[in-house]
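# Observations on the model geometry
Here is what each chain is made of, one letter per residue.
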Amino acid sequence: MSTRRESTSPIQIGPVGQSWPPYPPAEETELERALRLEEEKEAKKKSDVIDEAIEVERNELKKRKQYIKVLLLGQAESGKSTILKQFQLNYAPKAFQAESEAWRAVIQLNLVRTVNFILDIMAGSSNMTSEEKESAATYSSSPQPNANRSSSETRNDDLGPLKTRLAPLRQVEMILVNRLSADEPRRSGSLDGLTPKYYSRASEVSIRGGTGWKALVQRKQDSRGSEPDDLDQARQILETCQKDIVALWKSPPVQQQLRQSDIVLRDQSGFFLDDTRRIASQKYKPTFPDILKARLQTIGVEEHSMTFESAEGQSAAAQAGKTWLFYDVGGSKGQRAAWAPYFDDVNAMIFLCSMAGFNQTLSEDRSVNRLLDSLTLWKTICSSKLLSNVTFILLLNKCDLLEAKLKGGELFARYVRSFKEANDFKHVSEYLRGKFIAIHKSQSARKRALHVHLTCAIDIEVMSHVIVRLREAILVDNLMSVDLI
Ligand SMILES: Nc1nc2c(ncn2[C@@H]2O[C@H](COP(=O)(O)OP(=O)(O)OP(=O)(O)O)[C@@H](O)[C@H]2O)c(=O)[nH]1
Ligand SMILES: [Mg+2]
């Protein structure tokens, strides 16, 4: 502990002859002396508190140096948070299971938002701005979105009673958003009163993520005891709407309108309409596959600490090596400036690219193709000097969606003119793999290994093998001692 405040030799400042501290004053009364001593005691107390805080921070820093730090990078919706969930599921399943209840609100909100999105579409385009019409087509699987076509062509008054019965879902959405975001300032995408709003993304949920919201949902659940609250009310309404949601989704006018607007809801993140009966039930408990499919946009950079559960009961040293820190970043363009400070001190970087993005534009900038954005971003990351010594992992993700799009007749060459091969998964994924590897080779300042995997981040079985290999690669590259492995 520092004793700097107790030094007796005063330092010289100001004009020669004046010293600091000016104690003790030449003529000091008893009262002045008592006050002075009291002040000094207070100052010492404060100093000790500061010293203690510094010490704690130093120890914390020392501990953090023993952690493996992994940075997850990639554009929005590429699957970064999903990969983090896969690590938790594989290596900290008890902790992951303990949090599963908190995901219920997110999944139900994903579902309710999709329903309200459909209701907005069916209500017609009159209250949509031209920007909203365009952004509704962001999810289109077609290169030429056709969202501007008049919805009156298929508007069907038979849906009237259904729409009326589903109207309370606006309130459900509001309750769930409030519950998840609680003290957060309102951000775009959150509900604007009860006014129907045309969402550019059917199920998008945008709240500050990390562990904060989970704790919040949990705390509220614990504190309310047996008293019914607004969340119970929301779940009751949702259950009451179960059959009508199914009917809405199946109704020919809805399917026709979505087709005419070139909106493919099944391809969208957080799509749960095929599981309505289960998810809208009051007894609903999120399963692992549901949690992996849930969409919760990451805002900012979130630090997640994960301790390998197999390390429980081992020595403190072994435990330290078994704790990994993940930095999960928000991938949209506006958030990328916040990444740089994390490049400095990580052991591994996992970059995700959604291969299904070849026929999509960024939701934050509809003039930019997603695949092109990913390649540009990859180029920047590869050339970063700060990352030149870290383990590089590339996950070409959303294999399932890429395959479905190609099988559905979407032509890859229509978006990527240099592609001349057969329009199937094997050739397209090989082409993309080659492109990314070539960029890595040409942009890296020094020779560095690159681990590449084709992934479907929501597939538990297949991912369990990939996750093991990622862990091994990171540990081996970072020369961890055998007992830590
Ligand atoms: N079908 C399919 N969906 C996936 C795959 N990987 C992720 N998803 C889904 O895609 C959505 C977006 O994934 P996230 O992990 O939230 O994306 P992110 O990169 O963290 O996005 P930001 O937080 O906005 O930067 C989620 O609903 C996931 O369930 C995949 O391989 N296939
Ligand atoms: Mg995320």
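Scroll up a little and you will see the structure.
Quick notes on the rules
- Residues numbered from 1 in each chain as written.
- Chains lettered and ligands numbered in written order.
- Predicted model: local features only at pLDDT ≥ 70, side-chain atom pairs only at ≥ 80, totals over all residues.
- Heavy atoms only, no water.
- Helix = DSSP H or I, 4+ residues; strand = E, 2+ residues; numbered from the N terminus.
- Buried < 20%, exposed > 50% of the residue type's maximum accessible area, 1.4 Å probe, protein only.
- Contact = heavy atoms within 4.5 Å.
- Areas by Shrake-Rupley, 256 points an atom, 1.4 Å probe, with all protein chains shown as cover.
- Pairing = 2+ DSSP bridges.
- Axes fitted to C-alpha atoms, helices over the stretch in contact; angles between N-to-C directions.
- Donors = N, O, S within 2.8 Å, 3.2 Å for Na, K, Ca; no water.
- Parallel < 35°, antiparallel > 145°, perpendicular 65-115°, else oblique.
- Left-handed = near helix turned anticlockwise from the far one by under 90°.
- Nonpolar A, V, L, I, M, F, W, Y, C, P; charged D, E, K, R; others polar.
- Polar contact = N/O pair within 3.5 Å; in protein donor to acceptor, adjacent residues only side chain to side chain.

Looking now at the overall build of the protein. Helix and strand counts for the protein stand at 17 helices and 8 strands. Scored against the burial criterion, the 485 residues of the protein give a buried share of 48%. Taking all contacts inside the protein whose residues are at least 6 apart in sequence as the whole, residues at least 24 apart take part in 79%. Element-wise, carbon and sulfur atoms account for 53% of the exposed surface of the protein, whose accessible area totals about 24200 Å².

This paragraph deals with the sheet that holds strand β5 (residues 323–329). Strand order in the open sheet made by the 6 strands is β4-β5-β3-β6-β7-β8, with mixed pairing throughout. Both edges of this open sheet fall to β4 (301–307) and β8 (450–454), since each of them pairs with a single strand only. Strand-to-strand twist of the sheet, defined as the mean angle between neighbouring strand axes without regard to direction, takes the value 20°. As paired strands, strand β7 (residues 391–397) and β8 are joined by 5 bridges and run parallel to one another. Within β8, the position partnered with Ile393 by the bridge is His451.

To continue, consider the coordination of the magnesium ion (ligand 2). Distances from the magnesium ion (ligand 2) to its protein donors, namely Ser81 (OG) and Thr298 (OG1), fall within the range 2.0 to 2.1 Å. With Ser81 in helix α2 (residues 80–91) and Thr298 in the loop between α12 (288–293) and β4, the pair connects residues that are 217 residues apart, well separated along the chain. Under the relative-accessibility criterion, Ser81 is labelled partly exposed at 21%. For Thr298, a relative accessible area of 7% gives the class buried.

Once that is clear, we can look at the packing of helix α4 (residues 103–122) against helix α9 (residues 230–250). Between α4 and α9, whose axes approach to 11 Å, the crossing angle comes to 45°. With respect to their mutual orientation, α4 and α9 come out oblique. Where α4 crosses over α9, the two elements pack in a sense that is left-handed. Facing Arg104, Ala105, Gln108, Val112, Val115, Ile118 and Leu119 of α4, the residues of α9 in contact are Arg235, Leu238, Ile245, Leu248 and Trp249. Classifying every residue of the contact of α4 with α9 gives 9 nonpolar, 1 polar and 2 charged.

Turning next to the side chain of Ser100. Take Ser100: it is sitting in the loop between α3 (93–99) and α4. The exposure class of Ser100 is buried, given its relative accessible area of 7%. A polar side-chain atom of Ser100 sits 2.8 Å from the main-chain carbonyl oxygen of Gln97. The residues touching Ser100, leaving out its near neighbours within four places in the chain, are Pro286 and Ile291.

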